[in-house]
Amino acid sequence: MDPIRRWGWIYFGILVLVVVVGYIPAFEDADGNLFGLFKLDLYDDALHLASGLWGGIAAWHSRRAAEQYFRIFGPLYFLDGVLGLITGMGYLDGGIFLYGPIDLPLLTRFFANLPHLILGGWAAYVGYVMARKTA
């Protein structure tokens, strides 16, 4: 299988897993925070699920569709992580617009946004660099 399409299927699996993990009580603390860092609501779940389905559908459809997925999803997700790291809130879920910046400890902001930084950064790499190298 083409490596770009394979990564599309991997992102489908990761993002669907994010939704599933949010419903496993063992991963929540006493306050209902996932991994003790943040709460995911239905809007977050819908956004993760839609992003995962988008990656899976793109991977199923064609290499070109998968490349476009990574070229759009990667920068959007990465920049959401950067904004979350700086302000404590991202834009994809509307948090920065609804609540404005929030005062969280740096380590909390870092670990809460690390998945966005990693997934978004790698997705941008897949869409812009790996896609050219494997064309």
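Please read all numbers here as calculations on a predicted model, not as lab measurements. (Residues numbered from 1 in each chain as written. Predicted model: local features only at pLDDT ≥ 70, side-chain atom pairs only at ≥ 80, totals over all residues. Heavy atoms only, no water.)

A. Representation of the overall build of the protein chain in the model. Within the protein chain, the secondary structure is distributed over five helices and zero strands. For 135 residues, the compact-globule formula gives about 14 Å, and the C-alpha radius of gyration of the protein chain, at 15 Å, lands near that figure. Viewed in the frame of its principal axes, the protein chain has a C-alpha envelope of about 45 × 30 × 25 Å. Split into buried and exposed, the 135 residues of the protein chain put 37% on the buried side. (Helix = DSSP H or I, 4+ residues; strand = E, 2+ residues; numbered from the N terminus. Rg over C-alpha atoms; globule rule 2.2 N^0.38 Å. Buried < 20%, exposed > 50% of the residue type's maximum accessible area, 1.4 Å probe, protein only.)

B. Expanded view of the pattern of salt bridges. For the structure on display, the rule yields three salt bridges. Residues Asp-2 and Arg-63 are paired through a salt bridge, measuring 2.5 Å at the closest nitrogen-oxygen approach. Placement of Asp-2 in the segment before helix 1 (3-21) and of Arg-63 in helix 3 (residues 63-87) is noted, with a sequence separation of 61 residues between them. The closest approach of N and O atoms between Glu-67 and Arg-71, which form a salt bridge, is 4.0 Å. A residue pair is termed a helical-turn pair when its members lie 3 or 4 positions apart in one helix, as Glu-67 and Arg-71 do in helix 3 at four residues. Residues joined by salt bridges that share partners form a network here, namely Asp-2, Arg-63, Glu-67 and Arg-71. (Salt bridge = Lys/Arg side-chain N within 4 Å of Asp/Glu carboxyl O.)

C. Broad picture of the side chain of Asn-113. Topologically, Asn-113 is positioned in helix 5 (residues 106-133). A residue is classified by how much of its surface remains accessible, and Asn-113, at 10% relative accessible area, is buried. Setting aside its immediate chain neighbours within four residues, Asn-113 contacts Asp-80, Gly-81, Gly-84 and Leu-85. (Contact = heavy atoms within 4.5 Å.)

D. Inspection of the packing of aromatic side chains at higher detail. This structure, assessed with the given rule, holds 12 aromatic pairs. For the pair Tyr-11 and Phe-73, a centre-to-centre distance of 5.9 Å together with 90 degrees between the ring planes defines the contact as edge-to-face. In this pair, Tyr-11 is assigned in helix 1 and Phe-73 in helix 3, connecting sequence segments 62 residues apart. In this structure Tyr-11 comes out as buried when scored by relative accessible area, which is 1%. (Phe/Tyr/Trp six-rings, centres within 6.5 Å; stacked < 30°, edge-to-face > 60°.)

E. Layout of the packing of helix 1 against helix 3. At their nearest, the axes of helix 1 and helix 3 sit 9 Å apart, and the two run at 50 degrees to each other. In terms of axis orientation, helix 1 runs oblique to helix 3. The interaxial crossing formed by helix 1 with helix 3 has left-handed handedness. Packed against helix 1, whose contacting residues are Ile-4, Arg-5, Trp-7, Gly-8, Tyr-11 and Leu-15, the element helix 3 presents Arg-63, Ala-66, Glu-67, Tyr-69, Phe-70, Phe-73 and Tyr-77 at the interface. For the contact of helix 1 with helix 3, a count of residues per class yields nine nonpolar, one polar and three charged. (Axes fitted to C-alpha atoms, helices over the stretch in contact; angles between N-to-C directions. Parallel < 35°, antiparallel > 145°, perpendicular 65-115°, else oblique. Left-handed = near helix turned anticlockwise from the far one by under 90°. Nonpolar A, V, L, I, M, F, W, Y, C, P; charged D, E, K, R; others polar.)

Geometry only, nothing functional implied.
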